[in-house]
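Architecture and fold: a report
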Amino acid sequence: MARVAEQSERYEDMVNFLRPVIKEKGASLTNDERNLLSVAFKNLISSQRSAIRTISAIEQNKKYEKYAAPLATYKTKIETDLFRNCDDIIAVIKTDILATASDNEAKAFFLKMIGDYCRYIAENAKGPKLEECKVQAL
């Protein structure tokens, strides 16, 4: 079903189809399952990252100055969703995968994923959220 969701570009569904597999197999995911998981999570948040960049560019345009407040509110909503998804991804990796990982290649793969998702948070985070992200990456 995860592959069907991927073909349908339904990445949130893809993540949800993979959750039971992660719970059951933990660190013993096959390379194929590991790659599916990576694709699912990355695509889940890529549209949010793109939306934030687009809104940031619009905010810089003087033509849209009168919409500054609603743009900021909308951007904050998308950032909040992005942060929640990234935090969820990091938690799943730490608790369901790395906690039982013994294979160094798998550990490296998932530690890199954690680093990537911390970076995605750090691209937009400010204040306490940025500090939390720095700690989480360790």
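One structure accompanies this document, and this report is about it. Residue positions are counted from 1 within each chain, in the order its sequence is given. Local features are withheld for residues below a pLDDT of 70 in this predicted model, meaning they are given only at 70 or higher, and side-chain atom pairs are given and counted only at 80 or more; totals for whole chains, interfaces and linings count all residues. The basis for every side-chain value is the complete set of non-hydrogen atoms in the structure, without hydrogens or water.

**Comments concerning a nonpolar patch on the surface**
Like charges are joined within 9 Å and nonpolar side chains (Val, Leu, Ile, Met, Phe, Trp, Tyr) within 5 Å, but only among residues with over 30% relative accessible area and no salt bridge; these make up the patches. Per-residue accessibility takes into account occlusion by the displayed protein chains alone, with areas from the Shrake-Rupley method and a 1.4 Å probe. Throughout this description, the term salt bridge denotes a Lys or Arg side-chain nitrogen within 4 Å of a carboxyl oxygen of Asp or Glu. Where nonpolar side chains cluster on the molecular surface, the patch consists of Met-1, Val-4 and Phe-17 and spans about 310 Å² of accessible area. Numbering of helices and strands runs from the N terminus, with a helix taken as a DSSP run of H or I at least four residues long and a strand as a DSSP run of E at least two residues long. Relative to the helices and strands, Phe-17 resides in helix H2 (residues 11-25).

**Notes on unusual backbone geometry**
Phi at Glu-9 is positive, roughly 55°, even though this residue is not glycine. With respect to the helices, strands and loops of the structure, Glu-9 is situated in the loop between helix H1 (2-7) and H2. Note on classification: 1.4 Å probe, protein chains only; a residue is buried when its accessible area is under 20% of the maximum for its type, exposed when over 50%, partly exposed between these limits. Using a relative accessible area of 59% as the deciding quantity, one classes Glu-9 as exposed.

**Examining the nonpolar core**
The definition of a nonpolar core used throughout is a set of buried Ala, Val, Leu, Ile, Met, Phe, Trp, Tyr and Cys residues joined through side-chain atoms within 4.5 Å. One finds Met-14, Leu-37, Phe-110 and Tyr-117 to be the most contacted residues of the largest nonpolar core, which totals 38 residues. Considering each element in turn, this core owes the most residues, 10 residues, to helix H4 (residues 68-97). Once residues lying within four places of it in the same chain are set aside, the contact partners of Phe-110 are Leu-29, Arg-34, Leu-37, Ile-93, Ile-97 and Leu-98. Any two residues whose heavy atoms approach within 4.5 Å are treated as being in contact.

**What about the environment of Ile-114?**
Examined against the element boundaries, Ile-114 turns out to sit in helix H5 (residues 104-122). Judged by its relative accessible area of 4%, Ile-114 falls in the buried class. Expressed as a C-alpha distance, the spacing of Ile-114 and Ala-91, which sit 23 residues apart in the sequence, is 9.0 Å.

**Describing the pattern of salt bridges**
Overall, the coordinates contain 14 salt bridges when judged by the stated rule. Measuring nitrogen to oxygen at the nearest pair gives 2.8 Å for the salt bridge that ties Arg-10 to Asp-13. You can call Asp-13 partly exposed: its relative accessible area is 26%. Of the charged contacts, one joins Arg-34 and Glu-105 as a salt bridge, the two residues approaching to 3.4 Å between their closest N and O atoms. Placement of the pair is Arg-34 in helix H3 (residues 31-60) and Glu-105 in helix H5, with a sequence separation of 71 residues. Here Arg-34 falls in the buried class, since its relative accessible area comes to 6%. Overlapping salt bridges bring together Arg-49, Lys-112, Asp-116, Arg-119 and Glu-123 as one network.

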